[in-house]
Amino acid sequence: MYAPHTQADIEAMLRCIGVDSIDRLLEVPQALRLQEPLEVVSALPEYRLRRRIEQMAKRNSGADFVSFLGGGAYRHYAPPAISALAMRGEFLTAYTPYQAEVSQGYLQAIYEWQTYICLLTGMDLADASVYDGATALAESAIMAIGATGRRKFLVSRAVNPNYRAVLRTYCNGLDVTVDEITLTADGTTDLEALARAVASQEYAGVAMQSPNFFGNVDALDAAAQVTLSASGTVPVAVIAEAISLAALATPASWGAQIVAGEAQSFGVPVAYGGPHVGFIATTNAHMRRIPGRLVGKTRDSAGRTAYVLTLQAREQHIRRERATSNICTNQAHCALIATIYLALLGETGLRDVAALNLERSRELATAVSNAGIKLRFSAPFFNEIVVEVGRRGRDVLAALQERGILGGIDLGRWYPEYENCILMAATELTTTAEIGKLAGALQEVGRVGAAV
Amino acid sequence: MSAPPSERTVSPLIFDQGQRGRANRYVERGKALDAFLPRNLLRDELPLPENTELDVVRHYTRLSQRTFGIDVGFYPLGSCTMKYNPKVNDTLASQHEFADLHPFVPDELAQGALQVMHELERSFCSLFGMAAFSLNPSAGAQAELAALLVAKKYFRDRGETQRDKVIVPDTAHGTNPASAAMCGFTVISLKSDTRGRVDPAEIRKVLGPDTAVCMMTNPNTLGLFEERIHEVTDAVHEAGGLMYYDGANANALMGNTRPGDMGFDLMHLNTHKTFTIPHGGGGAGHGPLGVAAHLIEYLPTPYVVRDGDRYRLDFDRPKSIGPMRSFWSNFAHAVRALAYLYANGAEGLTKASQYAVLNANYLRVKIAEFLETPYPEICRHEFVASAQRLKKETGVRALDIAKALLDRNFMAPTIYFPLIVPEALMIEPTETESKETLDAFVDALREIVETAKRDPQSLMNAPVNTVVGRVDEARAARQPDLRWDPHV
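Note that this is a predicted model, so its numbers are computed, not measured.

Describing the packing of helix α1 (residues 7–17) of chain A against helix α12 (residues 331–367) of chain B
One can describe the packing of α1(A) onto α12(B) by two numbers: an axis separation of 9 Å at closest approach and a directional angle of 45°. On the basis of the axis angle, α1(A) is oblique to α12(B). The element α1(A) and its partner α12(B) pack so that their crossing is left-handed. Across from I10(A), M13(A), C16(A) and I17(A) in α1(A), the residues of α12(B) making contact are L358(B), N361(B), Y362(B), V365(B) and K366(B). For the contact of α1(A) with α12(B), the class distribution of residues is seven nonpolar, one polar and one charged.

If you want it as structure tokens, here you go:
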């Protein structure tokens, strides 16, 4: 499929090359020749391959459940104009814009993306994207390590556990120690413990997430900012729910020098985990440590405004083993989607989405409370809540699943002390009817549980 | 890329357009934020532009028109495998049941998605001779990093922590040494021989008890097949090291030979090259990591396991290096890759590699009529030409040729890589291009070389038919302007 040659073409080309068969071009030593037939899925005409894969798609009933799943991937409304634009072949089938003169459109879009991330985070500059939020955190840690020369990194236990796991994977490679900060009883980072830890002046950086994995606002306070500054530890802010940036005080305002974020919420489908899109934003002081592509504005030979990939001396294809990161391919197309999303929503639209997330999640909190379920924490939250269900969270979730509801995420998976807790998300797409259905089911499940 | 005059004017930024009050109504109006949170937790302002949907559509349509993709024209970018990206793949990947499937959905409600991943993995194993693949890494470079983490953990478990050297040929992609450095390995660069290959005798000189991994691609970045690969892999294995295959060039060998049979222990694939995932202007990619049997338990988590007719994500893998990313895989790309496999089967994939090699050799022979080809022998999916002689004679460099091609509606080849060829033009046509397209490209290149001899200055001024002229990269780096600023 997709190969154009006629027999006559092949013969003409072989004659030109001066060989009598294609096999002649592919000769390999005897020992390397394929010994057995390949066991690959069998070829199908297009209409049948569609049916086959559409059948597989239908076996994902989870896409149609009433869902309160969040925890780092969020369902938000994405206007169809996004895909109409982003799926244009010029964007979709372009490579990394090395040849600036025929890539001005994409380069400008990435420059707009970098700007949007700066405006939202309050930082000086942002890169052209990294793989996702977790790798953004790992790469931010590497920036902090490079900036300080220290070999230890600190992370709050309220940071998304998947992100922390990836941080550990990367730090294992670099033989960097990762230590964790304990939680307060209210589901936020223990800032006093943080202050004690950084006093040793051994940590390159410290990562906090706000809103944190439990949905709680979890920023550094003024005292912690002073302590961090004195210790020379680089504050890294993690943003897993980018919609929160439209409402909450910017990471820059609470002292972050690096922001490691995930922008999936800006119009990118959850897609069973990817592709999503990470970003790193930072201060001018760290400009030359930032990983990945950067687009800069410059001029062409006639003095006209033009855009180009820049500061490439940081990158692997120039600096090889001395590069700031090995990243090559990033998530440009998802960044484009996010950029178009932000352009469509604008200030008012994005603020509305943020407000609706705040409103629906409070509606959810009220409904579950009224159903007799306890909220685990009382800290201010964005669009996720933790509820305590009185027995193992996963048992309650299984019972809800039987009633067509994906009630949330079992926190016992990562936090043994919260094995009776469920993390629930509500977004602008969550309806009052869905919240009612969940509350009713929780009551029912509670009664069944009590009877057992 | 020629454009009508209207498109050649400056394209204003989205931030310089629109008016406050032009917001689109996609959701209900929200209440004031301080109805929900105390004011000290809220941001002060949110200075984003407001444009109508029509204005946004026109803006990004216009930007797309100022962008060159495979759908626009021939894209002979060496080592990037810019083949046609079938549209059906995008349709299938964006189906609601895939696109709206949350990664935390329980396995039993995501059986179709897990089946996609499993079928893809099994096919990759057979195609490349590996025991298992992880679909976790996000792109080729991340798979390289994952592979080196696997190697590091494997050696640690064996008590061989002294193995801290990674051997990389001088023709290797830049990601290889950069990935090695991210794992704390020291890189030994290996000089290629006069035939552009790795000499097994040379590699033996650097092997020792400190050897961890040797990273190679075959065919290498000169497009040449390393026919003595077994001597290399045997020597590295005898020294106790592991062999890593950089799959960037895998489009050359499907149905012909397999990295597993060459003796490689680890490999990655760039499905955004070989398996027609659209590059999207630089990602998202997808970098499955393949391993031989003795390394399976080190693969990143989660790993898709099949139990009878049920599939599940396995996180409980004590020896795993851990996850490389937030969630399981760039799953939408797994759907695309599987669709491509179904469109082809074993026979179609074999043919794809054959035609990729046929096209590259055809171009190589035709281009050798007027440009140097430093390694004049049968190549695989790509080859390297050089403008060194032309530069000496006329002053016209590889860069000028690249820019002149842009004026003639072709994407430029990869230039100045691999590093060992001066004034390199690395050309990879892929199998989906017809003879007519290849001939038109040869004609354009021939005309450029003739122009170089007659009027070199005209090429040094190229491109002139594009929306902007040659871009001042030095200025961009000297005075970094990385964002629009509302206060400027």
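Brief notes about the packing of helix α3 (residues 46–58) of chain A against α12(B)
Packing of α3(A) against α12(B) leaves a shortest axis separation of 10 Å and a crossing angle of 140°. Considering the angle they form, α3(A) stands oblique to α12(B). Helix-helix and strand crossings are classified by hand; for α3(A) and α12(B) the assignment is right-handed. Of the residues in α12(B), those touching α3(A) at E46(A), L49(A), R52(A) and I53(A) are V335(B), L338(B), A339(B), Y342(B) and A343(B). Among the residues forming the contact of α3(A) with α12(B), the class breakdown is seven nonpolar, no polar and two charged.

Looking at the interface of chain B and chain A
Of the residues lining the interface, 175 residues belong to chain B; the matching set on chain A comes to 165 residues. At 25 residues, α12(B) tops the list of elements feeding residues into the side of chain B that touches chain A. When its residues are assigned to classes, the side of chain B that touches chain A shows 95 nonpolar, 50 polar and 30 charged.

Topic: the confidence of the model for chain B
Residue and element names in this part refer to chain B. With 98% of its residues at a pLDDT of at least 70, chain B reaches an overall mean of 95. Contacts for the low-pLDDT stretch residues 1–7, under 50 throughout, to residues beyond four places or in other chains number twelve contacts. Complex prediction metrics read pTM 0.97 and ipTM 0.97.

What about the domain arrangement of chain A?
Reports of interface size often rely on the accessible area that becomes lost once the parts have come together. Residue and element names in this part refer to chain A. Taken as a whole, chain A is organised into domain 1 (64–76 + 346–451) and domain 2 (81–341). Contact residues are listed per partner, giving 25 residues for domain 1 and 25 residues for domain 2. Going through the elements one at a time, α12 (332–370) and β12 (384–388) are the ones with two or more residues in the side of domain 1 that touches domain 2. By residue number, the principal contributor to the side of domain 1 that touches domain 2 is α12, which donates six residues. Residues of the side of domain 1 that touches domain 2, tallied by class, amount to 15 nonpolar, six polar and four charged.

Section: the domain arrangement of chain B
Residues and elements named next belong to chain B. What the domain assignment lists for chain B is domain 1 (5–65), domain 2 (88–343) and domain 3 (348–475). Placing a centre on the C-alpha atoms of domain 2 and another on those of domain 3 gives a separation of 30 Å. Tallied by class, residues from the side of domain 2 that touches domain 3 come to nine nonpolar, nine polar and one charged.

Conventions and cut-offs
- Residues numbered from 1 in each chain as written.
- Chains lettered and ligands numbered in written order.
- Predicted model: local features only at pLDDT ≥ 70, side-chain atom pairs only at ≥ 80, totals over all residues.
- Axes fitted to C-alpha atoms, helices over the stretch in contact; angles between N-to-C directions.
- Helix = DSSP H or I, 4+ residues; strand = E, 2+ residues; numbered from the N terminus.
- Parallel < 35°, antiparallel > 145°, perpendicular 65-115°, else oblique.
- Left-handed = near helix turned anticlockwise from the far one by under 90°.
- Contact = placed C-beta atoms within 7 Å.
- Nonpolar A, V, L, I, M, F, W, Y, C, P; charged D, E, K, R; others polar.
- pLDDT = per-residue confidence, 0-100.
- Domains from an automatic or database assignment.

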